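Residue-level structural notes
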Amino acid sequence: MDFSAEIRHEDLDYRWDSTVVMVVFLGFTILRLALNFLVFGRKGPVKGNVTIGDRLMEEVWLGTISMFLVGWSWAAISRNKVGCSVLNTHACIKGWPDITLTREIELLMVVEGGWYAHQLSRDALGVGMPMERDLFIHHIATVGLILTGMLKNLVILGILMLALFNTSSPFMHIAKIAYNLDMRRLRVVLFALFAGVFFVTRVVMLPVSILKCMMIDAQKENVALFGWWLFYLGNALMHVLYFLQLVWMYRIIRVLWRGKTGSTPRANRSGVKSSPFHNKDGVNGGSTNGEPVNGGQHNGKKDN
């Protein structure tokens, strides 16, 4: 297949794309299941008895895939045929619905769809760590935007959005690995790096690129043909996602401040509910999309 080949919106086969999404979802799930049996000899984490090994497996798995998809996303954006970029978001939708895609961008979108489906179901299927409620809402809204992008030929804009969302994720997962390995100085540096990337990509760049495109640039196109109700729904979902970024940025700042003052919450690693990533200043250690990792205590011993 020629991944650089141009395709028009009328050539998109949504039934085929949906089938590929399911195949990718099953592929990720089966691969994770195989890794769990290979490393631990069991299906996945045991609820109430989550080990350090489970946490390391989760972060290595999520970090590896997210790093691959982030790199691919930015590479695909740099090769798009319409000039879409962070600084030129109108080009992502100009002339809608007649937007020129490439096979690479179409394939990347369906792979992302399968990856998010895997993340949403990994706890229910017992192959991964459970997901926090706010992260679950984040993923549901993201899947909704992915589906809208696929059905309405906003695929290039969707890839740009995911690239911005996910750029900070590899740094977060690496910081969590350092945390679980008790690499104290390294985890502080990595968490600070993650916080900086999160702030730039999600707090600053998201509103001046994706929100601007959806709220302002979109009205330069045929919104009536697109559907005003879908226009408002898409913007509502995007604002929900941005609100979650602000909530997570607040949590990140709290973690950084507590780390600076030495006032970190007490926790241990015996299970999910007492995880250092499962308290009011952080979230579940099985999370995937840039929410803060707590740099606090573990095993009841103060980490200074």
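Rules behind the numbers
- Residues numbered from 1 in each chain as written.
- Predicted model: local features only at pLDDT ≥ 70, side-chain atom pairs only at ≥ 80, totals over all residues.
- Heavy atoms only, no water.
- Helix = DSSP H or I, 4+ residues; strand = E, 2+ residues; numbered from the N terminus.
- Buried < 20%, exposed > 50% of the residue type's maximum accessible area, 1.4 Å probe, protein only.
- Contact = heavy atoms within 4.5 Å.
- Areas by Shrake-Rupley, 256 points an atom, 1.4 Å probe, with all protein chains shown as cover.
- Salt bridge = Lys/Arg side-chain N within 4 Å of Asp/Glu carboxyl O.
- Disulfide = S-S within 2.5 Å.
- Patch = residues over 30% accessible without salt bridge, like charges linked within 9 Å, V, L, I, M, F, W, Y side chains within 5 Å.
- Core = buried A, V, L, I, M, F, W, Y, C linked by side-chain atoms within 4.5 Å.
- Axes fitted to C-alpha atoms, helices over the stretch in contact; angles between N-to-C directions.
- Parallel < 35°, antiparallel > 145°, perpendicular 65-115°, else oblique.
- Left-handed = near helix turned anticlockwise from the far one by under 90°.
- Nonpolar A, V, L, I, M, F, W, Y, C, P; charged D, E, K, R; others polar.
- pLDDT = per-residue confidence, 0-100.

**A short note on the overall build of the protein chain**
If you tally the helices and strands in the protein chain, you get 10 helices and two strands. Looking at the protein chain residue by residue over its 304 residues, the buried ones come to 53%. Contacts in the protein chain between residues at least 24 apart in sequence constitute 79% of all its contacts with a sequence separation of at least 6. Here the protein chain displays about 13600 Å² of accessible surface, and carbon together with sulfur accounts for 67% of that area.

**A look at the pattern of salt bridges**
With the rule as written, the count across this model stands at nine salt bridges. With its nearest N and O atoms 3.8 Å apart, the salt bridge here joins Lys 47 to Asp 123. Placement of the pair is Lys 47 in the loop between helix H1 (14-40) and helix H2 (52-78) and Asp 123 in the loop between helix H4 (103-121) and helix H5 (133-151), with a sequence separation of 76 residues. Overall, Asp 123 belongs to the partly exposed group, its relative accessible area being 24%. Connected through shared salt-bridge partners, Arg 32, Glu 58 and Arg 122 make up one network.

**Quick notes on the state of the cysteines**
All chains considered together, the criterion is met by one disulfide. Note that Cys 84 is cross-linked by a disulfide to Cys 92, the S-S spacing being 1.8 Å. When the S-S torsion is 70°, as for the bridge of Cys 84 with Cys 92, the disulfide is right-handed. For Cys 213, which is in no disulfide, the shortest distance to another cysteine sulfur is to Cys 92 and amounts to 5.5 Å.

**Regarding a nonpolar patch on the surface**
Together, Leu 181, Met 183 and Leu 186 line one region of the surface with nonpolar side chains, adding up to about 250 Å² of accessible area. Secondary-structure assignment places Leu 186 in helix H8 (residues 184-215).

**Here we look at the nonpolar core**
Membership of the largest hydrophobic core comes to 66 residues, with the highest contact counts inside it found for Trp 115, Ile 210 and Met 238. The dominant element in this core, judged by the number of residues it contributes, is H8, at 10 residues. Not counting the four nearest positions on each side in its chain, Met 238 is found in contact with Leu 145, Met 161, Phe 165, Leu 206, Ile 210, Leu 211 and Met 214.

**Remarks on the packing of H2 against H4**
One way to put it is that H2 packs onto H4 with a least axis distance of 11 Å and a crossing angle of 155°. Classed by the angle they form, the pair H2 and H4 counts as roughly antiparallel. The chirality of how H2 crosses H4 is left-handed. Here Trp 61, Leu 62, Ile 65, Leu 69, Trp 72, Ser 73 and Ala 76 of H2 come into contact with H4, specifically with Glu 104, Ile 105, Leu 107, Leu 108, Val 111, Glu 112, Trp 115 and His 118. The residue makeup of the contact of H2 with H4, split by class, is 11 nonpolar, two polar and two charged.

**A short note on the environment of Gly 27**
Looking at the secondary structure, you find Gly 27 in helix H1. On the accessibility criterion, Gly 27 (36% relative accessible area) is partly exposed. The sequence separation of Gly 27 and Trp 115 amounts to 88 residues, and the corresponding C-alpha distance is 9.3 Å.

**Here we look at unusual backbone geometry**
The amide bond that connects Trp 96 to the next residue, Pro 97, takes the cis arrangement and shows omega of 10°. Relative to the helices and strands, Pro 97 resides in the loop between helix H3 (90-93) and strand S2 (101-102). Backbone geometry places Asn 153, a non-glycine residue, at a positive phi of 55°. Relative to the elements of secondary structure, Asn 153 occurs in the loop between H5 and helix H6 (155-166). Backbone geometry places Asp 182, a non-glycine residue, at a positive phi of 60°. Relative to the helices and strands, Asp 182 resides in the loop between helix H7 (169-180) and H8. On the accessibility criterion, Asp 182 (36% relative accessible area) is partly exposed.

**Things to note about the confidence of the model for the protein chain**
Confidence along the protein chain averages 83 in pLDDT terms, with 85% of residues attaining 70 or more. Confidence over residues 261-304 falls short of pLDDT 50; this stretch has 164 contacts with residues more than four positions distant or in other chains.

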